[in-house]
Each structure stands twice: as structure tokens, then as C-alpha cells.
Amino acid sequence: MRDSSLPVIVIGAGPVGLAATAHLIERGETPLVIEAGESIGQNVLNWGHVRMFSPWEYTVDSAMVRLLEKSDWEMPPLKALPTGKDLVERFLRPFAKLETVAPHIRTNTRVTAISRQNVDKMKDRNRDEAPFIVQIECADGSQDLLKARAIIDASGTYHNPNPLGTHGLNAIGEDAHSDHIFYGIPDILSIHQERYQNQRVLVVGSGHSAINAVLELGELQQSAPDTRIIWAMRGTHLKKVYGGETNDALPARGALGTRVRNLVEAGVVEIVSPFYLTHIETSDNGLRVTSSENGMSVTVDELIATTGARPNLEMLRELRLNLDSSLETTPILAPMIDPNIHSCGTVRPHGEAELRHPESNFYMIGMKSYGRAPSFLLATGYEQARSVVAYLVGDYEAAKEVQLNLPETGVCSTDFADDELSGGCCSTPASETVAVGNISIGEIPVSVGTIPVVKNGNDSSCCG
């Protein structure tokens, strides 16, 4: 790296951004972490009430653990299943408070643009030698410019949700009725209980985010019996929505499928499918939500959009990126993670070489590195961080030696591949179909910390 007096700026203080920070510190480098939220792990806290599928032993980064073990921190029980809040409070925050880490983190600071000093996107001369210029906006609205010798963008995608509209565009009326739409995974049994009790609620999507919302609405209905639960899906394979159930390698994940199937079969949940949402409009007694493809419509009070997220690339407009035309990831990585072909169990380990852009010393890692592909795994992000940092400090052999030492049993984070295109991550064969169901591409993963079956590049069945 050039000009060693400048820091490596890491964008995002989530698990993968902090993992990159740990590896930089271990390598004797000076990181500067810029976090837009008011807290470490802000995106994770947005789904902090959700329990992860993987135990602690597979949701922590090794470099972070090594630094934490020099303090009085104790590893949580290895086999216990953390919630998102647990991950932040028992792992990310203790790490961020370390004396060797805390001075390098700035929260409530948003990166708005990145360029090169005195060099715009078109200019070639001395481009690689010029430091990065990072434009930031602070909580009070003031702006500043920072310099960096390298950039690691681990800002994720959770803050940039996909629209409800089935075409990848906002549905007609979606913006106008945004105060009745929750994007992501609401805390239905606590923070958001009053919003949903005794209301007609439409959940859109059919991955684990949707399942969690439906299950919590089912619990809410027990104390608020006028709560009506409507579940909108695009596809036709309900069995894939339920997943492996008792055959799932992760019992906690399999139990979700069984519980939601029981609710559907008991008539607690109404399923509308195939439903291609295109319009939201005010009606005499609520919001009319319509699928123009088949004329189907429902009238509801609230909508929960578990339709996924996509990368926000606006702040990177002055950088030279090479992006796949459909997935918005690097062209090398795209065929490795394409949900039209792959499930999370068949994505091979990868690192710096697959993440490299024409802009020297700039990398996207973590969820953002996958663009619109949904099969990102936290363990993969940790290995990306290790490999990229190794390359930035000149340890090219270590950067090349990318591998994930994982358990032999199948474990993955999402079932978000479209069931018309692939089998999904842990789904059963599509031999049994009914007129409901879909696993929509790009859905927000609930189990961000779970581990794939891939072991050192071996492709095998995700469910074990």
C-alpha cells in the first residue's frame, strides 16, 4: 500500500467490517471505521430480536476473538444460538470497546462519496498513486473530507431494501403509503406490537424473514384475536417454503418450517398466490393491494415487506468498478453465486482475487460484495476480510489461500433462490406442488451468521 501515514478506511461497523478492522490491527495497520448508525452493528440491531440458526462457534471471526481474548471477555457457550442483539451486545460491542479498537471507530458518520485526490473517474495519470478522498456527513449535518490509502466497503445492503413491486420497481402507490409499510423484520411481539395487533396484515415474501414475521403474527393473534394474517407469495411450491423441517441439519431452522406449516394448515394464515404486487391504493376500509397479473387483490391495514435488499452504489460513482450486469457484483464472483444456478451450499470460498475491481485498493466485502445475490454467509464475509487485508499489506500468498473450515453437516443462511430457477438452499425436491409458495430472489437473510456446507470448496447438499 502507498503512503503508510494514511489509514485504511472501513465503511460499516457490522460483523464483517469489524472483522476487517481486527485483521488490519493484527497486521499493524491503522484502520478508520466509518459507521452511519448511532451504534456498532446498527443493521444487525434492526433484526436483533431474531434468533440465528447457527451456534456461537460459527458466528464469530477468529481475528476478533484473538484480540478479545487478550481482555477479560469470555466466549459465549459454543452451542448456544444467539439472537442478532446477542451478537452485537456480547461480541461486536466488546470488541469495539477494546483499547486497541475504540479510537479507530466513528459512528453517526455517513460516507456520501468516494473519489481520488485531484483525479475524477475519467483521468488515468497517477490514478493508482493518488490517495482516496472520502466525503462524509456527520450527525449535525456538517461535511468533511478524509484521505485513505485503501477502502474496504462493508456497508451492507439492509438499509437499501427492495421495493414491494414485482417488477423490481416500486409498486404504484408504494411511496404514498410508506407509513403503512415495514421493510425488513418488525419486532411484532414487543416494539411494534401496537402497530399490528387486531389489524389486517399482509406479509410479502416467502423466505425466513417472512416466516419469522408470520410466526410472530400468529403468536400475537393469541392475545389479539382480531389480527388477520395474509401471506402473499409469487410462486407455487409451498413445500420449499417450509424447507427441510425435521430433516434440516439445523433443528432451529427446520422447526420454523414446521411451525409455519401448522399455522397454514390450521387456517390461521391466509395465503394468496401467485401474487405479483403492482398497486397499493386507498379504499373505503383500508389499503387495496392488487396483483395486476391476475386481478387478485386484498384489503389490509399494514404491509410487511420481506422482499430483500440491493446494494446502494451511488457513493461509488467516481470509482472505476467492474460490475456484473445482472447481479451487480464483480464479473468473476457473479457466476460463482448466481442464484439462477447456485444455492448457498454450492458457493465456493473466495477472497481478494474474486473481489478485485479496476480501482486499485478498493474492495466491497460482506453482503454488499454479493450485489443482488441472496446467498451471502457471515463466515464467507469473515474470510473475504482476511484475504483482502492480507493482499493490502502485501502478503499475497495468504490472500490466495482462501478456504473455509466448516462442519460436514449442511448449514446455510437463506432459502432465497427463486424456486422456478433452482432448488433453493435447503429445499426439498419440487415434486410436490400446490398453488402457493415462492422463495423470492434477494430476500433479506435472517440467519446472517450461519455456515454453508462448503468445506474447502467441496460442493454438497446444503441440508446434509
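Since this is a predicted model, take the numbers as computed values, not measurements.

## Some thoughts on the overall build of the protein
(1) Moving on: Of the regular secondary structure elements, the protein holds twelve helices and 16 strands.
(2) Moving on: Relative to its full complement of 464 residues, the protein shows a buried share of 59%.
(3) Moving on: Nonlocal contacts in the protein, meaning residues at least 24 apart in sequence, comprise 73% of its contacts between residues at least 6 apart.
(4) Moving on: Surface exposure of the protein reaches about 18,600 Å², of which carbon and sulfur atoms provide 46%.

## Some points on the nonpolar core
Generally speaking, soluble globular proteins have nonpolar side chains that are buried together.
(1) Moving on: In terms of nonpolar packing, the biggest core is built from 57 residues, with Leu18, Met64, Phe91, Phe95, Ile152, Ile337 and Ile365 touching the most fellow members.
(2) Moving on: Elements with a minimum of two residues in this core: strand E1 (8-11), helix H1 (15-26), helix H3 (62-68), helix H4 (84-96), strand E7 (150-153), helix H9 (334-337) and helix H11 (378-392).
(3) Moving on: The biggest single contributor to this core is H1, with seven residues.
(4) Moving on: Excluding residues within four positions of it along the chain, Met64 makes contact with Pro15, Leu18, Ala19, Ala22, Phe91, Leu92 and Phe95.
(5) Moving on: Of all hydrophobic cores here, the second largest spans 22 residues; its members include Ile211, Leu215, Val264 and Val269.

## Describing the side chain of Glu174
(1) Moving on: Relative to the elements of secondary structure, Glu174 occurs in the loop between E7 and strand E8 (181-183).
(2) Moving on: Despite being buried, Glu174 has no salt bridge partner; Arg310 is the closest side chain of opposite charge, sitting 9.1 Å away.
(3) Moving on: A distance of 3.5 Å separates the side chain of Glu174 from the backbone nitrogen of Gly165, its partner in a polar contact.
(4) Moving on: Here Glu174 is in contact with Pro163, Leu164, Gly165, Ile181, Tyr183 and Ile280, once residues within four sequence places are set aside.

## Remarks on the packing of aromatic side chains
(1) Moving on: In this structure the tally under the stated criterion is three aromatic pairs.
(2) Moving on: The interplanar angle of 50° and the centroid separation of 6.1 Å between the aromatic rings of Trp73 and Phe91 together place this pair among those described as tilted. Here Trp73 is found in the loop between H3 and H4, whereas its partner Phe91 is found in helix H4, with 18 residues between them in sequence. The pair formed by Trp73 and Phe91 is uniform in burial state, with each residue classed as buried.
(3) Moving on: Note on Tyr391 and Tyr396: the rings are 4.9 Å apart at their centroids and 55° apart in plane angle, and the pair reads as tilted.
(4) Moving on: You can call Tyr396 partly exposed: its relative accessible area is 46%.

## Side note on the layout of surface pockets
(1) Moving on: Reported here for the largest pocket is a volume of approximately 730 Å³.
(2) Moving on: Lining the largest pocket are 39 residues, with Asn43, Ser155, Gly156, Thr157 and His159 sitting closest to its centre.
(3) Moving on: Of all the secondary-structure elements, those providing two or more residues to the lining of the largest pocket are H1, helix H2 (42-45) and strand E4 (109-116).
(4) Moving on: Its residues placed into classes, the lining of the largest pocket shows 21 nonpolar, 14 polar and four charged.

## Considerations on the sheet that holds E1
Strand pairing in a sheet takes place through backbone hydrogen bonds and is either antiparallel or parallel in direction.
(1) Moving on: Overall, parallel pairing links the five strands, which are arranged E3-E2-E1-E7-E16 in an open sheet. Every interior strand has two partners, whereas the edge strands, strand E3 (105-106) and strand E16 (362-364), have only one.
(2) Moving on: Bridge count between strand E2 (residues 31-34) and E3: two bridges; the pairing is parallel. If you follow Ile34 over to E3, its bridge partner there is Arg106.
(3) Moving on: Contacts between H11 and the sheet are confined to E7 and E16, with E7 contributing the most and set at about 175° to the helix.

## Description of the sheet that holds strand E11 (residues 269-272)
(1) Moving on: Taken in spatial order, the five strands make up an open sheet running E8-E15-E9-E10-E11, and their pairing is parallel. Strand pairing shows two members of the sheet lacking a second neighbour, E8 and E11, which therefore form its edges. Within the sheet, the average angular offset between the axes of one strand and its neighbour, ignoring direction, is 20°.
(2) Moving on: On the sheet, helix H6 (residues 208-223) packs against strand E9 (200-204), strand E10 (228-232), E11 and strand E15 (302-305) and is oriented at approximately 165° with respect to E10.

## A few points about the packing of H1 against H4
(1) Moving on: The geometry of H1 relative to H4 is characterised by a closest axis approach of 10 Å and an angle of 30° between their N-to-C directions. Here H1 is positioned roughly parallel relative to H4, judged by the angle of their axes. In this structure, the crossing between H1 and H4 has a hand that is left-handed. Contacts between H1 and H4 involve Pro15, Leu18 and Ala22 on the former and, on the latter, Leu87, Leu92 and Phe95.
(2) Moving on: Of the residues contributing to the contact of H1 with H4, the split by class is six nonpolar, no polar and no charged.

## Quick word on the pattern of salt bridges
Pairing is possible between side chains that carry opposite charge, provided their charged atoms lie close to one another.
(1) Moving on: Applying the stated criterion across every chain yields a total of 21 salt bridges.
(2) Moving on: With its nearest N and O atoms 3.8 Å apart, the salt bridge here joins Glu314 to Arg317.
(3) Moving on: The class for Glu314 is exposed, based on a relative accessible area of 52%.
(4) Moving on: Here the salt bridges share partners, and the residues they tie into one network are Lys85, Glu89 and Arg93.

## Comments concerning the side chain of Arg127
(1) Moving on: By secondary structure assignment, the location of Arg127 is in the loop between E4 and strand E5 (132-138).
(2) Moving on: Given a relative accessible area of 4%, Arg127 falls into the buried group.
(3) Moving on: The contacts of Arg127, once residues within four sequence positions are left out, are Arg116, Val119, Asp120, Lys121, Glu318, Leu319, Arg320 and Glu359.

The rules behind these values
Numbers given to residues run from 1 along each chain, matching the order in which its sequence is written. For this predicted model, a pLDDT threshold of at least 70 governs which residues receive local features, and a threshold of 80 or more governs which side-chain atom pairs are given and counted, while totals over whole chains, interfaces and linings are taken from all residues. With hydrogens and water set aside, each side-chain value is computed from the structure's full complement of heavy atoms. What counts as a helix is a DSSP run of H or I of at least four residues, what counts as a strand is a run of E of at least two, and both are numbered from the N terminus. Burial classes: relative accessible area under 20% of the type maximum marks a residue as buried, over 50% as exposed, and values in between as partly exposed (1.4 Å probe, protein chains only). In what follows, residue pairs with any heavy atoms lying within 4.5 Å of each other are defined as contacts. Computed with a 1.4 Å probe, the accessible areas rest on the Shrake-Rupley method; for each residue, only the protein chains presented here act as cover. Put simply, a nonpolar core is a bunch of buried Ala, Val, Leu, Ile, Met, Phe, Trp, Tyr and Cys residues held in one set by side-chain atoms that sit within 4.5 Å of each other. When charges are counted, Lys and Arg are positive and Asp and Glu negative, with His and the chain ends excluded. Each salt bridge in this description consists of a side-chain nitrogen of Lys or Arg and a carboxyl oxygen of Asp or Glu lying within 4 Å of one another. In protein, a polar contact requires one atom able to donate a hydrogen and another able to accept it; more generally it is a pair of N or O atoms within 3.5 Å, and residues adjacent in sequence count only if both atoms are side-chain atoms. Think of it this way: a Phe, Tyr or Trp ring, Trp meaning its six-membered ring, pairs with another when their centres are within 6.5 Å, and the plane angle makes it stacked under 30 degrees, edge-to-face over 60, tilted otherwise. Computed over the protein atoms alone on a 1 Å grid, cavities are sets of points where a 1.4 Å probe fits but cannot get out and pockets are open sets with protein on both sides within 12 Å along at least five of seven lines; a residue lines them when it has an atom within 4 Å of a point. Grid points are joined across faces, edges and corners, and a volume is the space filled by probe spheres set on the points. Note on residue classes: Ala, Val, Leu, Ile, Met, Phe, Trp, Tyr, Cys and Pro are nonpolar, Asp, Glu, Lys and Arg are charged, and everything else, Gly too, is polar. Whether two strands pair depends on DSSP finding at least two bridges between them. Each axis is a line fitted through C-alpha atoms, taken for helices only over the stretch in contact, and angles between the N-to-C directions span 0 to 180 degrees. Any angle from 65 to 115 degrees is called roughly perpendicular, while one under 35 is roughly parallel, one over 145 is roughly antiparallel, and all others are oblique. Take the far helix as your reference; a near helix turned counterclockwise from it by less than a right angle gives a left-handed crossing, and one turned clockwise gives a right-handed crossing.

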